[in-house]
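Remarks on the overall topology
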Amino acid sequence: MSEIPAKATESTDPLDGARTEAADDAVAHVRPGEPPSGDAMWQSSPPGSIYDYIKVASFSIGPDGLVEQWSLRAEQLFGIPAQHAVGMDPIEAFIDPDLRAQGQRKMAEILDGREWTGVVPFRVPPSAADGECGREGLAEVYVMPTRTEEGEKAAVCIVVDVRTLRSIETDLAASQAIFGQSPFGFVLIDPDLRVRRVNYRFASLFGGSPDDHRGKGVHDYLPRPEAERVSATLRRVLETGDSITDMHVTGFLPGSDERRHWSINLYRVRSGSGRPIGIAWLGTDITARRAAAREAAAARRNLALLNEAGARIGNSLDLETTARELLDVVVPGFCDLATVDLYQGLLAGDETPPGLADGSAELRRVAFASAVSDAPFIGSGDPVSVGAVHHYPFNSPCADALRTARPQYIPAEEGGLVQSTLAVPMVAHDTVVGLAQFARTKGSEPFGDRDRDLAVELAARAAVCIDNARLYRREHERALILQRSLLPPGDPVASGLDIACRYLPGNSSADRPSEVGGDWFDVIELPGHRTALVVGDVMGRGLRAAVAMGELRSAVRTLALLDLEPAEVLSALDEIARGLGAPGGVQQATRAARRPREADLLEVYLATCVYAVYDSVTRRCTFANAGHLPPVLVEPGEDALMLDVPPGMPLGVGGEPFEEVEVELPEGALLALYTDGLVESRDHPLDEGLQAFVGALTDPSAPLEDVCDHVLNTLDTHHGEDDIALLMARVQGLPADSVGDWTLPREPRSVGKAREYARGQLLSWGLEPLVDTTELLVSELVTNALRYGEGDIRLRLLLDRTLVCEVWDSGLVQPRRRRARDTDEGGRGLQLVGLLSAAWGSRRTPRGKTVWFELPLPDGQNGMVDPAEALLSLF
């Protein structure tokens with residue numbers, strides 16, 4: 001209420017504050033629509049009433065038309081203290097000079113006892129406080145006539161600042177427009193957390209009119225747990241004044257079971273005096289936004305899962321590893337349990353997966369992953385362990401998925417752990433290679449259509465990788481079969497040598513699986529109880545390298561049977577290697593070498609090779625090297641050393657001759673030939689590997705098999721970057737008593753002398769069953785040497801696993817076997833040698849030639865050829 005001027009303008013009663021608080025309580029407990037009680041009606045207005053917002057003042061005018069009394073609110077409105085205002089003429093002080101005449105007439109009417117109400121422009125006089133002087137305003141004045149104690153006429157004036165009132169009206173209209181027309185739910189809550197007012201938007205959502213919601217609490221709109229949380233937040237806002245922004249609240253609309261989500265903003269509302277009078281609640285329905293956010297989050301999660309699958313699946317060309325990589329991606333990011341089954345025929349290496357039309361073919365479980373337990377699926381039939389072979393019944397969803405190549409939902413069984421399962425066929429290039437199952441346990445969100453599409457994409461990516469791994473495994477196995485077929489079968493056996501060998505194909509490297517290589521070794525028996533030892537490496541990898549290795553190995557064996565010197569063998573191999581890359585072979589490569597421009601178009605095959613020929617009688621070994629690593633020799637009681645064999649150029653380069661080195665090997669010495677895969681890898685340089693290899697050969701007297709194992713275990717042989725070939729030989733020379741060596745003069749009687757020497761030597765060796773045949777063949781070879789040869793004749797008998805007879809002379813003409821006609825008296829000697837011996841031949845020597853034959857030792861199993869029958873067969 002406005003202030004009525006009186007003699008005293010301030011109260012000194014200490015109970016005024018108590019009366020003010022009592023008024024607050026009285027006003028607060030007035031129910032809407034109920035008249036206030038008597039106590040509330042006659043209480044003084046508390047701070048924070050309407051008069052704190054509008055500027056209302058009062059003053060009184062005495063009979064003389066001058067200000068007699070000046071209220072505190074007038075002092076605040078006009079900025080003039082009471083001591084200056086009392087006694088002023090209000091017309092002269094506040095009215096513009098142009099309006100003063102009219103004002104004086106109105107004053108006379110007022111003092112004559114008339115009431116008056118009107119809007120008057122005013123201007124604050126110079127006596128006002130600093131900052132107020134000259135301020136203009138517009139006031140609505142209500143003048144009520146009064147009388148003084150002496151009965152004289154006076155007046156009481158009530159003044160309202162019109163501009164402040166208009167501002168309040170404008171703010172109220174704006175607030176009403178915002179409150180009533182807002183598309184958001186707006187709620188005004190009182191300090192007792194009861195709804196004071198709601199707008200039409202809120203009422204349209206929760207039903208009824210805005211007035212129907214007055215007096216309701218939070219529990220009338222939200223479930224109990226959510227209502228308790230919101231109530232606690234409202235109290236905190238009311239107590240602290242801290243606003244709350246974007247608080248998410250979940251509830252239900254009346255008559256609907258759909259869960260709704262709201263974002264609410266809370267802030268405390270204060271009166272003009274700053275006293276908290278409630279909380280403003282501004283709510284926005286974000287259910288659609290939350291759904292869109294979930295969709296976007298699911299899309300981002302799926303995209304991230306696909307990116308992870310692309311990065312992690314298919315890093316290995318191994319079927320089982322690829323299946324495990326798929327499960328590592330999906331568990332637990334996509335599902336809680338997962339399995340992968342592949343067709344058993346596919347794992348066994350069949351050309352095409354045996355996908356039967358009924359979907360019930362045998363499968364093997366190759367991978368299983370679980371985020372909750374290590375047990376197989378519960379409620380999906382008998383448990384299947386990893387590695388087990390099984391099949392699905394014809395009418396099962398899994399068999400249907402395999403049969404139709406479409407994903408199937410598998411319903412959950414009562415009491416099981418799983419609540420939702422997807423059976424997804426793994427399809428690669430229109431071929432089903434297996435089945436992947438993804439399951440979510442109870443408590444997780446069931447699979448939806450988007451999850452199904454994602455599962456199909458993941459399974460398809462894994463299926464392509466598995467199919468690639470299948471193709472790689474097939475090609476790799478074929479290449480390995482080819483490569484191993486080109487290596488010596490079983491354990492090589494050589495005269496005067498104890499042989500041990502190892503071959504390790506490259507498996508996989510750190511960043512990619514390796515292919516088969518071109519490493520090879522060979523042990524070739526030569527005439528005269530000699531042995532050729534070969535180790536080579538075709539540069540490059542893959543099937544072409546393996547094929548090139550096979551061609552070179554075949555060429556080496558062919559050249560070795562010609563009994564060429566090691567340097568000659570490598571020279572011929574060099575020509576063959578240059579011809580491998582030319583369409584027309586060696587001749588075409590030779591012609592292309594004369595045309596450099598065309599030579600660039602040829603495919604170059606390069607290979608390294610070391611070729612050694614060991615003579616068990618003399619224990620001398622002749623080496624020739626074509627760009628290969630040097631052999632290693634370990635003599636008894638000595639440290640291992642690398643032989644100084646000139647390396648030469650690799651095979652296929654051409655243009656450079658090869659050198660030979662002859663080394664005498666002591667009895668019991670250990671000779672090692674190897675490829676670079678043994679001593680070189682990405683982590684170990686060649687020099688370091690060679691030193692480690694030499695250092696590993698510490699005990700040459702140990703069994704050769706143990707020495708090979710020790711070398712492989714000591715060196716870094718598990719890198720898998722390259723093939724490894726290791727050939728080790730321990731020298732065991734032919735004993736002196738196993739050699740018979742005689743020199744015969746060039747005269748006819750030497751034939752009989754040769755038969756005599758042969759008979760005596762065979763009898764001393766206990767080979768009486770071979771005496772007749774040997775005498776016959778020796779006489780034939782010595783006779784040929786006398787007739788067609790030159791110089792002295794040398795006869796040598798060698799006993800080892802077989803009996804070898806050699807006849808040497810200085811002639812260069814090689815004997816040539818021909819078929820004698822029925823009327824010829826001669827020409828049947830070499831035919832007889834071929835019939836009675838196991839093998840025969842001739843080879844060049846530095847001083848002529850050697851003609852030899854070989855007879856198997858009598859062991860009771862190999863029947864001897866009767867010389868008489870052999871002679872008769874010639875006619």
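Every chain is numbered on its own, with residues counted from 1 as its sequence reads. Restriction of local features to residues with pLDDT of at least 70 applies here, the model being predicted, together with a cutoff of 80 or more for giving and counting side-chain atom pairs; totals for whole chains, interfaces and linings are based on all residues. Water and hydrogen atoms were dropped before computing side-chain values, which therefore reflect all heavy atoms in the structure.

Strand pairing in a sheet relies on backbone hydrogen bonds, with the paired strands running either antiparallel or parallel. For two strands to be treated as a pair, DSSP must find no fewer than two bridges joining them. Secondary structure elements are defined from DSSP: runs of H or I of at least 4 residues count as helices, runs of E of at least 2 residues count as strands, and each element is numbered from the N terminus. One open sheet accounts for 6 strands, arranged β13-β12-β11-β16-β15-β14; its pairing is antiparallel. On the outer flanks of this sheet lie β13 (389–390) and β14 (408–410), each paired with one strand and no other. As judged from the 2 bridges shared by strand β12 (residues 363–370) and β13, these two strands associate in the antiparallel manner. Counterpart to L363 in the pairing with β13 is H390. Contacts between residues were defined by any pair of non-hydrogen atoms, one from each residue, lying within 4.5 Å. Here the axes come from fitting lines to C-alpha atoms, over the contacting stretch only for helices, and the angles between their N-to-C directions go from 0 to 180 degrees. The strands touched by helix α11 (residues 319–330) are β11 (337–343), β12, β15 (418–428) and β16 (431–441); relative to β12, the strand with the most contacts, the crossing angle is about 30°.

Before going further, it helps to spend a moment on the packing of aromatic side chains. Between rings of Phe, Tyr and Trp, where Trp is taken as its six-membered ring, a pair exists when centres lie within 6.5 Å; planes separated by under 30 degrees are stacked, by over 60 edge-to-face, and by other angles tilted. Taken as a whole and assessed by the stated rule, the structure comprises 13 aromatic pairs. Geometrically, the ring pair formed by F334 and F438 is edge-to-face, given 5.7 Å between the ring centres and 85° between the ring planes. Taken together, the residues F334 in the loop between α11 and β11 and F438 in strand β16 connect sequence positions 104 residues apart. You'll find F334 and F438 in the same group, each marked buried. Measuring from ring centre to ring centre gives 4.8 Å for Y674 and F693, while their planes differ by 65°; the resulting arrangement is edge-to-face. In this pair, Y674 is assigned in strand β25 (residues 670–674) and F693 in helix α19 (residues 686–696), connecting sequence segments 19 residues apart. The rule is simple: take the accessible area with a 1.4 Å probe, protein chains only, and divide by the maximum for that residue type; under 20% is buried, over 50% is exposed, in between is partly exposed. Since its relative accessible area comes to 0%, F693 is described here as buried. Aromatic ring contacts, followed pair by pair, group F59, W70, F78, F94 and F122 into a single cluster. Either the NZ atom of lysine or the CZ atom of arginine qualifies as a charge over a ring when it sits within 6 Å of the ring centre and within 35 degrees of the ring normal. Over the ring of F394 we find R403; its NZ or CZ atom is 4.5 Å from the centre of that ring. Sitting over the ring of F334, R440 keeps its end group 5.2 Å from the ring centre.

Let us now look at the sheet that holds strand β6 (residues 185–189). Taken together, the 5 strands give an open sheet; going across it, the order is β7-β6-β10-β9-β8, and neighbouring strands pair in antiparallel fashion. Where the open sheet ends on each side, the last strands, each with one partner, are β7 (195–198) and β8 (244–252). On average, each strand axis in the sheet is inclined to that of its neighbour by 30°, with strand direction left out of account. Strands β8, β9 (259–270) and β10 (276–285) of the sheet are contacted by helix α10 (residues 287–312), whose axis makes an angle of about 125° with β9.

Our next topic: unusual backbone geometry. The omega torsion across V331 and P332 is 5°, close enough to zero to call that bond cis. Mapped onto the elements of the fold, P332 is located in the loop between α11 and β11. Its identity as a non-glycine residue notwithstanding, D246 has a phi of 55°, on the positive side. For D246, the location among the structural elements is in strand β8. In this model, H429 sits at a positive phi of 55°, which is unusual for a non-glycine residue. Note on placement: H429 falls in the loop between β15 and β16.

Where burial is concerned, most of strand β5 (residues 153–161) is hidden: 8 out of the 9 residues are buried. With 6 bridges connecting them, strand β1 (residues 56–61) and β5 associate as antiparallel partners. Residue pairing in the sheet places F59 in a bridge with C157 of β5. In this structure, strand β4 (residues 136–147) lies alongside β5, joined through 9 bridges in antiparallel fashion. Across the sheet, P145 pairs through a bridge with A155, a residue of β5. Taking the residues that link successive antiparallel strands as the turn, the β4-β5 hairpin has 5 residues, and the phi of G151 there is positive, at about 90°.

This next bit is on helix α23 (residues 829–836). Most of α23 sits out of view: 6 of its 8 residues are buried. Among all positions of α23, only G829, L830, Q831, L832, V833 and L836 are buried.

Counting residues in each nonpolar core, the largest one holds 49 residues, and the members touching the most others are L326, V330, F334, V340, M426 and F438. In terms of residues, this core owes the most to one element, helix α14 (residues 449–485), which gives 9 residues. Apart from residues no more than four positions distant in its own chain, L326 is found in contact with I313, V340, M426, L458 and A462. We call a set of buried Ala, Val, Leu, Ile, Met, Phe, Trp, Tyr and Cys residues a nonpolar core when their side-chain atoms join them within 4.5 Å.

Our next topic: the environment of R270. Summarising the element assignment, R270 is placed in strand β9. In this structure, the C-alpha to C-alpha distance between R270 and G241, residues 29 residues apart in sequence, is 9.7 Å. Aside from chain neighbours lying at most four places away, what touches R270 is Y53, R275, P276 and I277.

Below, the discussion takes up the confidence of the model for the chain. Confidence of the predictor in every single residue is expressed as pLDDT, which spans 0 to 100. On average, the chain scores 81 in pLDDT, and the residues at 70 or more come to 83%. In the model, residues 591–602 has pLDDT below 50 throughout and makes 6 contacts with residues more than four positions away in sequence or in other chains.

Across the 9 residues of strand β31 (residues 848–856), 7 count as buried, placing the element largely inside the fold. Across 8 bridges, the pairing between strand β29 (residues 802–809) and β31 is antiparallel. Opposite V804, over in β31, you have E854 as the bridge partner. Note that strand β30 (residues 839–845) and β31 share 7 bridges and pair antiparallel. Across the sheet, the residue bridging to G841 is W852, located in β31. Linking β30 back to β31 in an antiparallel pair, the connection comprises 2 residues.

Take the packing of α10 against α11 next. A pair of packed helices can be characterised by two numbers: the angle between their axes and the separation between those axes. Between α10 and α11, whose axes approach to 10 Å, the crossing angle comes to 155°. Considering their axes alone, α10 and α11 lie roughly antiparallel with respect to each other. Handedness of the crossing formed by α10 with α11: right-handed. Here L305, E308, A309 and R312 of α10 lie close against α11, whose contacting residues are E325, D328 and V329. Taken together, the residues of the contact of α10 with α11 sort by class into 3 nonpolar, no polar and 4 charged. Geometric relationships in this document are graded by angle, where less than 35 degrees denotes roughly parallel, more than 145 denotes roughly antiparallel, 65 to 115 denotes roughly perpendicular, and other angles denote oblique. Crossings are sorted by hand: turned counterclockwise from the far helix by less than a right angle, the near helix makes the crossing left-handed, and turned clockwise it makes it right-handed. Amino acid classes used here: Ala, Val, Leu, Ile, Met, Phe, Trp, Tyr, Cys and Pro are nonpolar; Asp, Glu, Lys and Arg are charged; the rest, including Gly, are polar.

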